[in-house]
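Letter by letter, the chains look like this.
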Amino acid sequence: MPTLRQNALFGMGNPLLDISAVVDKDFLDKYGLKPNDQILAEDKHKALFEEIVKKSKVEYHAGGSTQNSVKIAQWMIQEPHQVATFFGCIGSDHFGEILKQKAAEAHVDAHYYEQSAEPTGTCAACITGDSRSLIANLAAANCYNKEEHLDVERNWSLVEKAQVYYIAGFFLTVSPESILKVSKHASDNNKIFGLNLSAPFISQFFKEPLMKVMPYVDIIFGNETEAATFAKEQGFETDDIAEIARKVQGLPKVNKNRQRIVVFTQGREDTVATVGDRVKMFPVLDIDQNDIVDTNGAGDAFVGGFLSELVQEKSLEDCIRAGHYAAHVIIRRGGCTFPEKPDFH
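Computed from a prediction, not measured in an experiment: that's the story for all the values here.

**Description of the environment of Gly13**
Along the chain, Gly13 turns up in the loop between strand E1 (9-12) and strand E2 (16-22). When its relative accessible area of 0% is taken as the criterion, Gly13 is described as buried. For the pair formed by Gly13 and Ala228, sequence separation is 215 residues and the distance between their alpha carbons is 24 Å. In contact with Gly13, not counting residues within four places along its chain, are Thr66, Phe86, Phe87, Gly88, Cys89 and Phe171.

And the structure:
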């Protein structure tokens, strides 16, 4: 069992403050939202942010997909602290201070690039039943600067310390050049680089940067909708999820020492993963629908649990089991929040 070092897990992405509220169908219709989706905010959503903060039970949680995942990984690991590192851009403001404080409380070694041109990013989480529609207003998160932050020696040395890297596909809209630098470093040094498909719009509208990074991706994560969209955009001509996983595994890869692993979650249905040359199904933990508080953060939590075992060099089966456990915990709570200690064996 390898002893875990600090900064062994590196994540980079959009640090956002989640503004979460239960809404009704009329609210979704008013802003043209699908019940279960992730989109980037446009001008027409400005009023949505003003309206959601006035809801009676609005909650604020530290969010951002990659940041959620590395936090969950650190929570699953517990000790030592600061196994997880996180980079991203925030504003010099109150929301930014909250994100810093929450990262510190989660024992994540967060190094934010701070600027004052844009405020800290937010994400409206519109909850209806067991669905969640996410509208991200990236603001400061969109200002991440490779030259000003990633390339700086004291920051890059933290990247070099890591063994496992994880970046959500959302960051492809912000700094594809940063993702390429990190993924190439991982590939050149036979380390593990994980990427998430994150949302259908990434496969549709950010295809070029996504496919530029793909040859360096050792583990690709996604859910069933994202997998189907990716397959369609790539002309796979199949909607069979196991077949899609096989085809994604077979896409060109630079580091031939590691066969690509593909992991697709499907909500309450079995998780699909490539195991060597086969595709296997892994059933999720049973849950009573009435116990689901909100599914915001479930996918992030799955990845976080997965990474917590991966960084300890555990088997794929163990990684998936930990992912299922973490997601199971998160969906019974509001936002991507967790109890003091995990109960995973």
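**A closer look at helix H10 (residues 224-233)**
Along H10, the residues that are buried comprise Glu226, Ala227, Thr229, Phe230 and Ala231. You can read the cap of H10 off the contacts: a side-chain oxygen lies 3.1 Å from the backbone nitrogen of Thr225, and it is on Asn223. Remark: Gly235 follows H10 within two positions and exhibits a positive phi of approximately 65°.

**Details of the side chain of Ser198**
Inspection of the secondary structure assignment puts Ser198 in the loop between strand E10 (192-196) and helix H8 (200-205). Overall, Ser198 belongs to the buried group, its relative accessible area being 4%. At 2.8 Å, the side chain of Ser198 forms a polar contact with the backbone nitrogen of Gly169. In terms of polar contacts, Ser198 uses its side chain to reach the backbone amide nitrogen of Phe170, at 3.5 Å. Setting aside anything within four residues of it in sequence, one finds Ser198 in contact with Gln38, Ala168, Gly169, Phe170 and Glu226.

**Remarks on the sheet that holds strand E4 (residues 59-63)**
With respect to topology, 5 strands assemble into an open sheet ordered E3-E8-E7-E2-E4, the strand pairing being mixed. In this open sheet, the two edge strands, each paired with only one partner strand, are strand E3 (37-40) and E4. Pairs of neighbouring strands in the sheet enclose a mean axial angle of 20°, with direction left out of account. Direction of pairing for strand E7 (residues 121-128) relative to strand E8 (residues 131-137): antiparallel, over a ladder of 7 bridges. When the bridges of E8 are listed, Thr128 appears paired with Ser131. With respect to the sheet, helix H3 (residues 65-77) is in contact with E2 and E4, its orientation differing from that of E4 by roughly 80°.

**Observations regarding the sheet that holds E10**
The mixed open sheet is built from 9 strands, whose spatial order is E6-E5-E1-E9-E10-E11-E12-E13-E14. Both outer strands of the open sheet, strand E6 (109-115) and strand E14 (278-282), are each paired with one neighbouring strand and no more. On average, each strand axis in the sheet is inclined to that of its neighbour by 15°, with strand direction left out of account. The pairing of strand E5 (residues 84-91) with E6 spans 7 bridges and is classified as parallel. Bridge pairing in E6 places Ile90 opposite Glu114. The sheet strands contacting helix H4 (residues 94-105) are E5 and E6, and the helix crosses E6 at an angle near 170°. Together, E10, strand E11 (219-223) and strand E12 (261-266) form the strand contacts of H10, whose direction differs from that of E11 by roughly 110°.

**Brief notes about the environment of Val213**
Residue position: Val213 is located in helix H9 (residues 207-213). For Val213, a relative accessible area of 1% gives the class buried. Each C-alpha atom, one on Val213 and one on Val182, is 9.9 Å from the other, the two residues being 31 residues apart in sequence. Discounting chain neighbours no more than four positions away, the residues touching Val213 are Leu172, Ile179, Leu180, Ser183, Phe193 and Leu195.

**A look at the nonpolar core**
Core analysis: the biggest nonpolar cluster contains 54 residues, and Met12, Tyr144, Val182, Phe193, Val248 and Phe264 have the highest contact counts within it. Listed in part, the 37 residues of the second largest apolar core include Tyr112, Phe221, Phe282 and Val303.

**Re the UniProt feature "active site" (unreviewed entry) in the protein**
Taken from the UniProt record, the annotation "active site" (unreviewed entry) applies to Asp300. Structurally, the position occupied by Asp300 is in helix H12 (residues 298-310). Overall, Asp300 belongs to the buried group, its relative accessible area being 14%. Contact partners of Asp300, with chain neighbours within four places excluded, come to Ser65, Asn68 and Ser69.

Conventions used here
- Residues numbered from 1 in each chain as written.
- Predicted model: local features only at pLDDT ≥ 70, side-chain atom pairs only at ≥ 80, totals over all residues.
- Heavy atoms only, no water.
- Helix = DSSP H or I, 4+ residues; strand = E, 2+ residues; numbered from the N terminus.
- Buried < 20%, exposed > 50% of the residue type's maximum accessible area, 1.4 Å probe, protein only.
- Contact = heavy atoms within 4.5 Å.
- Polar contact = N/O pair within 3.5 Å; in protein donor to acceptor, adjacent residues only side chain to side chain.
- Pairing = 2+ DSSP bridges.
- Axes fitted to C-alpha atoms, helices over the stretch in contact; angles between N-to-C directions.
- Core = buried A, V, L, I, M, F, W, Y, C linked by side-chain atoms within 4.5 Å.
- UniProt positions renumbered as here; feature names shortened; annotations may be inferred.

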